[in-house]
Amino acid sequence: MIRACREAGLATVAVFSDADREALHVRMADEAHPIGPAEPAASYLSIDRLVHVAKATGADAIHPGYGFLSENPQFAEACLAAGLTFIGPPASAMRAMSDKTAARRVATGLKVPAARLAREVGYPVMIKAAMGGGGKGMRLVREERELGSALRLARAEAVAAFGNGAVYIERYLAEPRHIEIQILADAHGTVVHLGERECSIQRRHQKLIEEAPSPLVDEAMRTRMGEAACRLAAAVGYVNAGTVEFLVDGDRNFYFLEMNTRLQVEHPVTEMVTGIDIVREQLRIAAGERLGFGQADVCLRGAAIECRINAEDPFADFLPSPGTITRLSAPGGPWVRNDSGADEGSAVPRFYDTLVAKLICWGADREAAIGRMARALDEYRVVGVRSTIPVLRRVLADPDFTAGRLSTGLLDRILPGLRPASGRHRTIALIAAALTAHARAGRLQPGPASPPAWRLGARPGWRGGRA
Ligand code: MV4
């Protein structure tokens with residue numbers, strides 16, 4: 001966001017809490033101001049503090065980012081009331097989409113299909129929280145006799161998590177794929193879509209790998225899904241960037257899931273295949289400008305993949321691994337984009353999301369993008385915290401993944417077999433062992449310098465390992 005502003009000739013103001021005063025965004029912005037303690041409720045979720053900093057620094061607009069208040073209609077309204085431009089949709093469009101049952105009704109009213117409601121279709125079914133989203137508070141019910149207790153539990157969970165016990169029941173789709181359409185809407189009634197992203201490689205509803213285009217979607221399906229997404233956005237008076245999520249079944253039928261009324265973490269894959277800087281468009285739209293292009297001008301070129309590099313231990317059930325990044329070396333080369341919030345010496349605070357960087361690679365086709373990503377991941381070096389790099393690398397080598405057979409089951413199948421030392425590391429370890437034997441026999445003298453290079457292999461998992 002700071003980069004897009006700078007290219008547009010706009011000055012930037014960052015905010016920070018006690019936990020991230022040294023963070024990269026603080027150093028990159030033209031100025032930075034504290035907003036309070038590490039706990040989000042008293043800083044990043046404080047509408048008053050954010051609006052106060054914006055007014056005090058003479059800012060014109062606020063970009064809400066991806067998390068925290070980005071989908072909060074009260075925040076959008078507070079910005080407007082304070083004379084600030086909110087770089088996002090109108091509060092009314094956010095509200096229309098926040099209750100998932102209301103959003104479903106809008107969709108089905110426009111003939112955009114959603115998964116059938118349970119009483120019409122039988123079992124198994126999914127219970128979902130009306131004010132939830134992103135899979136939080138979802139519950140699978142296989143047969144009718146489980147329904148009563150499942151409903152009670154789901155309602156209690158929804159009250160605890162969202163302050164609202166409303167739930168709805170959908171037909172369960174087995175092994176669905178998650179495909180979402182990026183849209184852009186200006187304040188003059190033009191809505192275009194930028195094609196789809198596929199985000200089927202998830203774990204506990206956290207995305208690990210996203211790509212554009214989806215290997216499942218052809219031009220005809222893209223047109224149908226894109227038109228459905230644009231209709232939906234237009235119907236709720238949507239303005240700015242947004243994403244309409246769909247589930248897709250084995251017969252390539254798509255079903256409306258929900259709309260994300262914000263910029264998403266995975267937006268760069270769409271930027272890579274369309275050549276459109278989505279944040280730059282957000283700034284233009286928020287300034288009241290017209291979109292400078294129409295649907296016919298949007299074309300997709302090649303393929304892009306994003307891998308999320310989180311400070312988590314994939315060998316210990318993805319346990320967060322906060323700490324200090326002591327060594328960090330990101331890959332480079334053509335068509336490799338490293339969107340990172342960290343550099344060497346950066347802290348990964350335990351208070352926030354563990355996302356450290358997003359690595360995005362483009363290729364002339366999907367195979368080229370995968371090959372480039374595999375090379376780039378091999379080049380990535382993160383020391384001091386554990387990272388998801390080993391599991392990402394493993395997924396990229398999986399035959400189902402390379403064939404485009406993306407499913408929810410893919411990770412479940414890979415994870416049990418995931419070991420800290422992959423084949424490559426074992427090879428290095430064997431060479432190291434041979435060299436050690438060689439040295440003991442007096443034929444090689446490792447210098448007195450700190451660990452000889454060939455010792456690397458003696459530390460399986462060094463890529464994500466602690467120094
Ligand atoms: C579903 C489903 C099966 N049937 N809905 C919704 C939010 C997303 N994070 C998970 N969601 C699902 N909704 C019905 N009616 C299965 C999932 C689901 C899923 C969907 C796509 C890709 C990965 C997934 C992993 C677990 C569950």
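Basis of the calculations
- Residues numbered from 1 in each chain as written.
- Predicted model: local features only at pLDDT ≥ 70, side-chain atom pairs only at ≥ 80, totals over all residues.
- Heavy atoms only, no water.
- Core = buried A, V, L, I, M, F, W, Y, C linked by side-chain atoms within 4.5 Å.
- Buried < 20%, exposed > 50% of the residue type's maximum accessible area, 1.4 Å probe, protein only.
- Helix = DSSP H or I, 4+ residues; strand = E, 2+ residues; numbered from the N terminus.
- Pairing = 2+ DSSP bridges.
- Axes fitted to C-alpha atoms, helices over the stretch in contact; angles between N-to-C directions.
- Contact = heavy atoms within 4.5 Å.
- pLDDT = per-residue confidence, 0-100.
- Disulfide = S-S within 2.5 Å.
- Near = heavy atom within 4 Å.
- Polar contact = N/O pair within 3.5 Å; in protein donor to acceptor, adjacent residues only side chain to side chain.
- Areas by Shrake-Rupley, 256 points an atom, 1.4 Å probe, with all protein chains shown as cover.
- Nonpolar A, V, L, I, M, F, W, Y, C, P; charged D, E, K, R; others polar.
- Domains from an automatic or database assignment.
- Expected span 1.5 Å × (residues − 1).
- Arc of directions from axis to C-beta.

### Concerning the nonpolar core
Judged by nonpolar contacts, the single largest core of 39 residues is most densely connected at Ile201, Ile209, Leu377 and Phe401. Those elements giving two or more residues to this core turn out to be β10 (206-212), β13 (303-310), β20 (355-363), α12 (366-379), α13 (389-396) and α15 (409-414). At 6 residues, the largest contribution of residues to this core is made by α12. Core analysis: the next-biggest nonpolar cluster, separate from the first, contains 27 residues, Ala107, Ala114, Ala229 and Tyr238 among them.

### A short note on helix α10 (residues 267-274)
Most of α10 sits inside the fold, with 7 of its 8 residues counted as buried. Along α10, the residues classified as buried are His267, Pro268, Val269, Thr270, Glu271, Val273 and Thr274. Where α10 terminates, the next one or two residues include Gly275, which has phi positive at roughly 75 degrees.

### Structural notes on the sheet that holds β10
Read from one edge of the open sheet, 8 strands run β12-β11-β8-β9-β10-β13-β20-β18, paired in antiparallel fashion. Looking along the sheet, the strands with just one partner apiece sit at the ends: β12 (254-260) and β18 (336-340). Between one strand and the next, the sheet's axes are offset by a mean angle of 25 degrees, whatever the strand orientation. The sheet contact formed by strand β9 (residues 191-203) and β10 spans 4 bridges and is antiparallel. Bridge pairing in β10 links Arg203 to Gln206. This element, α10, spans β8 (177-185), β9, β10, β13, β18 and β20 of the sheet and lies at about 20 degrees to β20.

### Brief notes about the sheet that holds strand β5 (residues 125-129)
In space, the 3 strands of this open sheet follow the order β6-β5-β7, with antiparallel pairing throughout. For this open sheet the edge positions go to β6 (139-141) and β7 (167-171), each flanked by a neighbour on one side alone. Recorded for the sheet is a direction-independent mean angle of 30 degrees between the axes of neighbouring strands. Pairing between β5 and β6: 3 bridges, direction antiparallel. Considered in β6, the bridge of Ile127 is made with Arg139.

### Digging into the environment of Val391
In this structure, Val391 sits in helix α13. The sequence separation of Val391 and Phe315 amounts to 76 residues, and the corresponding C-alpha distance is 8.8 Å. Here Val391 is in contact with Leu208, Pro314, Phe318, Leu411, Leu415 and Leu418, once residues within four sequence places are set aside.

### Re the pairing of β8
Buried residues dominate β8, accounting for 9 of its 9 residues. Burial along β8 is two-sided: the face carrying Arg177, Ile179, Ile181, Ile183 and Ala185 and the face carrying His178, Glu180, Gln182 and Leu184 are both buried. Bridge count for β8 against strand β11 (residues 240-248) is 9 bridges, and the pairing is antiparallel. Paired with Ile179 across the bridge in β11 is Phe246. Adjacent in sequence and paired antiparallel, β8 and β9 are bridged by 5 residues, among which Gly189 carries a positive phi angle near 95 degrees.

### Describing the confidence of the model for the chain
On average, residues of the chain score 91 in pLDDT, and 89% of them reach the 70 mark or higher. For the stretch residues 445-467, pLDDT sits under 50, and the model shows 45 contacts to residues farther than four places along the chain or on other chains.

### What to know about the state of the cysteines
Scanning the entire structure with this criterion turns up 0 disulfides. In this model Cys307 remains outside any disulfide bridge; the closest cysteine sulfur is found in Cys361, 7.6 Å from its own. Overall, Cys307 belongs to the buried group, its relative accessible area being 0%.

### Things to note about the site of the ligand
Surveying the vicinity of the ligand reveals 16 residues, the closest of which are Lys128, Glu170, Arg171, Leu173 and Thr408. At 2.9 Å, a side-chain N or O of Lys128 approaches a nitrogen atom of the ligand. His205 places a side-chain nitrogen or oxygen 3.3 Å from a nitrogen atom of the ligand. Burial of the ligand by the protein chains amounts to 90% of its free accessible area of 530 Å². If you list the elements that add at least two residues to the shell around the ligand, you get β5 and β7. Taken together, the residues that form the shell around the ligand break down as 7 nonpolar, 6 polar and 3 charged. Domain assignment of the residues forming the shell around the ligand places at least three in each of domain 2 (116-171) and domain 3 (177-417).

### With respect to helix α8 (residues 147-162)
Compared with an ideal rise of 1.5 Å per residue, which puts 16 residues at 22 Å, α8 spans 21 Å between its outermost C-alpha atoms and is within 8% of the ideal. Of the residues making up α8, those classed as buried are Leu147, Ala150, Leu151, Ala154 and Ala158. Buried residues along α8 cover an arc of 100 degrees about the axis, so they all sit on one side. Every exposed residue of α8 that faces more than 90 degrees away from the buried side is listed here: Arg152 and Ala160. At its buried positions, α8 is contacted by β5, β6 and β7.

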